Amino acid sequence: VSNSVDEYVDLGPYNNFNLSNTSMTILLDVNATSFGDNSGAEAYILGTPMFGGNNDRGFSIRSESNSEFSVVVGGNSNIVYTYSNQKQTNKWYNLAIVLDQTQDIIYFYVDGFLESQNSISQIGTINNAYNLIIGAFYNGSSRLREFSGMVDNISIWNTALNAQKISEYTTCAP
């Protein structure tokens, strides 16, 4: 995704990737030219649209207006947030999100270092009927919360990578 605010990528249906008991890891490089969207709300970097009630199923990686990155994971009507420390604009960061279903924990790494984690035991089934999107919130009819910046080197695994692998892939992409 380029530096423009008006660009996004639709990766297609996410509903076949049911995370009810499957772990996953996502690695990506992110350079935010600003944090949040132009209205002061969070901006979607990568994920599925989550907008209340039973529509909060899925996950998203976001840039927050307070200069933090966040990961949001939802199932049924419950959602869990985890946040990075504050970051700078116009600087590349390697983000790694590990959704470990065996331990019921979401881990959030920045540049190979664990910055936060949170229990996901209360969220229930993680599934979604919407597409996986890079660069914006898009539910099939509305595009909102557009990310301003660049995204590169996205990789998604259907397993929970350990801290050593995260560190290795931070310095040398797979």
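Look up: the structure comes first, before these words.
Reference entry: report on the structure contained in this document. Everything quoted here is computed from the prediction, not taken from an experiment.

This part takes up the nonpolar core. Of all hydrophobic cores here, the largest spans 29 residues; its most connected members are Leu 28, Ile 45, Ile 61, Phe 69, Val 73, Leu 95 and Ile 97. Taken together, the elements giving at least two residues each to this core come down to strand E2 (24–32), strand E3 (43–47), strand E4 (58–63), strand E5 (69–75), strand E7 (92–100), strand E8 (105–110) and strand E10 (131–134). For Leu 95, the contacting residues outside a window of four places in its chain are Ile 26, Leu 27, Leu 28, Val 30, Ile 61, Phe 69, Phe 108, Tyr 109 and Val 110. Core analysis: the second largest hydrophobic core is formed by nine residues, Leu 27, Tyr 107, Tyr 109 and Ile 166 among them.

Looking now at the sheet that holds strand E13 (residues 149–157). An order of E9-E8-E7-E2-E13 is seen for the five strands of this open sheet, with the pairing classed as antiparallel. Edge strands, defined here as strands with exactly one partner in the open sheet, are strand E9 (113–119) and E13. Between one strand axis and the next, the sheet turns through 15 degrees on average, direction left out of account. The pairing of E8 with E9 spans six bridges and is antiparallel. By the bridge assignment for E9, Phe 108 is matched with Ser 116.

Now for the environment of Asp 37. Of note, Asp 37 is situated in the loop between E2 and E3. Separated by 109 residues in sequence, Asp 37 and Glu 146 have C-alpha atoms that sit 5.9 Å apart. With residues near it in sequence (within four places) discarded, Asp 37 still touches Glu 42, Ala 43, Arg 145 and Glu 146.

Counted according to the given criterion, the structure contains three salt bridges. With a closest N to O distance of 3.5 Å, Glu 168 and Lys 165 form a salt bridge. With Glu 168 and Lys 165 both in helix H1 (residues 163–171), this residue pair falls three residues apart, about one helical turn. For Glu 168, a relative accessible area of 32% puts it in the partly exposed group. A residue is classified by how much of its surface remains accessible, and Lys 165, at 34% relative accessible area, is partly exposed.

To continue, consider the environment of Thr 89. Inspection of the secondary structure assignment puts Thr 89 in the loop between strand E6 (78–83) and E7. Remark: the alpha-carbon pair of Thr 89 and Phe 35, spanning 54 residues in sequence, is separated by 7.3 Å.

Before going further, it helps to examine unusual backbone geometry. Note: most residues except glycine have negative phi, and most peptide bonds are trans. Positioned with a positive phi, Asp 104 is a non-glycine residue whose angle comes to about 55 degrees. Inspection of the secondary structure puts Asp 104 in the loop between E7 and E8. Positive phi values are uncommon outside glycine, yet Asp 111 reaches one of about 55 degrees. Mapped onto the elements of the fold, Asp 111 is located in the loop between E8 and E9. Looking at Asp 111, the relative accessible area reads 32%, which means it is partly exposed.

About the cut-offs
- Residues numbered from 1 in each chain as written.
- Predicted model: local features only at pLDDT ≥ 70, side-chain atom pairs only at ≥ 80, totals over all residues.
- Heavy atoms only, no water.
- Core = buried A, V, L, I, M, F, W, Y, C linked by side-chain atoms within 4.5 Å.
- Buried < 20%, exposed > 50% of the residue type's maximum accessible area, 1.4 Å probe, protein only.
- Helix = DSSP H or I, 4+ residues; strand = E, 2+ residues; numbered from the N terminus.
- Contact = heavy atoms within 4.5 Å.
- Pairing = 2+ DSSP bridges.
- Axes fitted to C-alpha atoms, helices over the stretch in contact; angles between N-to-C directions.
- Salt bridge = Lys/Arg side-chain N within 4 Å of Asp/Glu carboxyl O.

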